[in-house]
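Below are the chains, spelled out letter by letter.
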Amino acid sequence: MKRDDGFIAYLHELLDPLGTISTRRMFGGHGIYCDGVFFAIVIDERIYLKVDEESRGRFHDAGCAPFVYESRGEPIAMSYWSVPDEAMDSAEQMQPWAKLAIAAALRKPEKKKRSRSKSATR
């Protein structure tokens, strides 16, 4: 069993009441999906939930912080924030935060598919 498999299993316990939870390894951690909606990341055995302008204040007011990584010597804050400590205690306490994240993920506009330029197809 890998180091983070136990943590991922525990996250399933916390999140399973919300719907079909699946995980995928990505960017040195895991992505978490609920019914196919990407709403959270796990890095170094910590979960970070998707936020947007509508939900960011709730996370900030609860003392949460964004996931920050360094790129070319500069800190980059992502739109994924930590959860309050008590949210990790039970599914009931995690659900309101996860629901905010799922709603933020659903509000995110889909990326437009790049079309091939006519010169590239000739």
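Residues numbered from 1 in each chain as written. Predicted model: local features only at pLDDT ≥ 70, side-chain atom pairs only at ≥ 80, totals over all residues. Heavy atoms only, no water.

To characterise two packed helices, one gives the angle between the axes of the helices and the distance between these axes. The N-to-C vectors of helix α1 (residues 5–15) and helix α3 (residues 91–107) enclose an angle of 80 degrees; their axes lie 8 Å apart at closest approach. Regarding the angle of α1 to α3, the classification is roughly perpendicular. The segment α1 lies against α3, with E13, L14 and L15 engaging A91, M94 and A98. (Axes fitted to C-alpha atoms, helices over the stretch in contact; angles between N-to-C directions. Helix = DSSP H or I, 4+ residues; strand = E, 2+ residues; numbered from the N terminus. Parallel < 35°, antiparallel > 145°, perpendicular 65-115°, else oblique. Contact = heavy atoms within 4.5 Å.)

Counting through the fold element by element, S82 comes out in the loop between β6 (74–81) and α3. Discounting chain neighbours no more than four positions away, the residues touching S82 are R46, I47, Y48, F59, C64 and A65.

Moving on to the pairing of strand β4 (residues 46–50). Burial within β4 is extensive, with four of its five residues counted as buried. Of the strand pairs in this sheet, strand β3 (residues 37–43) and β4 are connected by four bridges, and their pairing is antiparallel. Paired with I43 across the two strands is R46, which belongs to β4. Here β3 folds back onto β4 in antiparallel fashion, the turn holding two residues, of which D44 has a positive phi close to 50 degrees. Direction of pairing for β4 relative to β6: antiparallel, over a ladder of two bridges. The residue of β6 that forms the bridge with L49 is W81. (Buried < 20%, exposed > 50% of the residue type's maximum accessible area, 1.4 Å probe, protein only. Pairing = 2+ DSSP bridges.)

Our focus in this paragraph is the sheet that holds β6. Read across the sheet, six strands follow the order β1-β2-β3-β4-β6-β5 without closing on themselves; strand pairing throughout is antiparallel. Pairing within the sheet leaves two strands with one partner each, and these edge strands are β1 (21–26) and β5 (66–71). Strand-to-strand twist of the sheet, defined as the mean angle between neighbouring strand axes without regard to direction, takes the value 40 degrees. In terms of strand pairing, β5 meets β6 through five bridges, oriented antiparallel. Opposite S71, over in β6, you have E74 as the bridge partner. Its contacts with the sheet put α1 on β1, β2 (29–34), β3 and β4, and the angle it makes with β1 is roughly 150 degrees. Against the sheet, α3 makes contact with β2, β3 and β4, and its axis sits at roughly 50 degrees relative to β4, the strand it touches most.

A separate point is the pattern of salt bridges. Taken as a whole and assessed by the stated rule, the structure comprises four salt bridges. Note that E53 is salt-bridged to R56, the shortest N-O span being 2.6 Å. We classify R56 as partly exposed; its relative accessible area is 26%. Close ionic contact of E54 with R107 constitutes a salt bridge, the shortest N to O distance being 3.5 Å. Here E54 is found in the loop between β4 and α2 (56–61), whereas its partner R107 is found in helix α3, with 53 residues between them in sequence. Assessed through its relative accessible area of 60%, E54 is described here as exposed. Connected via shared salt-bridge partners are D52, E54 and R107. (Salt bridge = Lys/Arg side-chain N within 4 Å of Asp/Glu carboxyl O.)

Structural measurements only, silent on function.
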